[in-house]
Amino acid sequence: MKLLRVHRSGDRVLESGIYSVLHSTPHMLIEHQFNFEGGHFRPCRICPLGVLYRLKTRCAPAALTNFRATALASLLDFVARHNRLLETW
Ligand SMILES: [Zn+2]
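Residues numbered from 1 in each chain as written. Predicted model: local features only at pLDDT ≥ 70, side-chain atom pairs only at ≥ 80, totals over all residues.

### Section: the overall build of the protein chain
Here comes step 1: When helices and strands are counted, the protein chain shows one helix and four strands.
Here comes step 2: Moving toward the C terminus, one meets the helices and strands of the protein chain in the order β-β-β-β-α.
Here comes step 3: Across the 89 residues in the protein chain, those meeting the buried criterion constitute 6%.
Here comes step 4: Counting contacts in the protein chain only where the partners sit at least 6 residues apart, residues at least 24 apart contribute 62% of the total. (Helix = DSSP H or I, 4+ residues; strand = E, 2+ residues; numbered from the N terminus. Buried ≥ 20, exposed ≤ 12 C-beta atoms within 10 Å, placed from the backbone. Contact = placed C-beta atoms within 7 Å.)

Take a look at the structure:
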């Protein structure tokens, strides 16, 4: 059985990633928030019972690397196309 680890506002963030945020007072829809390891889950001034956080997606360094590689490839492709356009202009 997979354990659902739920954290409360004020707890220390042990794992960087995207967290689902559930307010104890229904004044907001469920939102997703990025939290960095070592920080604290943010409280809410409106919710007296606090806020619950559940890890949705771990921050995977490999995914970020892939994202950077993809962004760089797109940029290089854009520059190459731009240069070709200038040559034909
Ligand atoms: Zn709230």
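### Here we look at the sheet that holds strand S1 (residues 6-8)
Here comes step 1: Pairing is antiparallel across the open sheet formed by four strands, whose spatial order is S1-S4-S2-S3. The strands lining the two open edges of the sheet, one partner per strand, are S1 and strand S3 (31-35). When the angles between neighbouring strand axes are averaged without regard to direction, this sheet yields 40°.
Here comes step 2: Both strand S2 (residues 17-23) and strand S4 (residues 51-58) contribute to a ladder of seven bridges, which runs antiparallel. Along S4, the bridge assignment pairs Gly17 with Arg58. (Pairing = 2+ DSSP bridges. Axes fitted to C-alpha atoms, helices over the stretch in contact; angles between N-to-C directions.)

### So, the confidence of the model for the protein chain
Here comes step 1: Residues at a pLDDT of 70 or more form 75% of the protein chain, whose mean pLDDT is 83.
Here comes step 2: The spread of mean pLDDT over the elements of the protein chain runs between helix H1 (residues 61-88), the lowest at 66, and S1, the highest at 96. (pLDDT = per-residue confidence, 0-100.)

### Details of the environment of Gly50
Here comes step 1: Here Gly50 lies in the loop between S3 and S4.
Here comes step 2: The class of Gly50 is partly exposed, set by 17 C-beta atoms lying within 10 Å.
Here comes step 3: With 28 residues separating them in the primary sequence, Gly50 and Leu22 have C-alpha atoms 9.0 Å apart.
Here comes step 4: Gly50 has contacts with Arg8, Ser9, Ser24 and Pro43, leaving out every residue within four places of it along the chain.

### Looking at the pairing of S2
The side chains of a regular strand alternate between both faces of the sheet.
Here comes step 1: Bridging between S2 and S3 involves five bridges; their strand directions are antiparallel. Across the sheet, residue Tyr19 finds its bridge partner in S3, namely Gln33.

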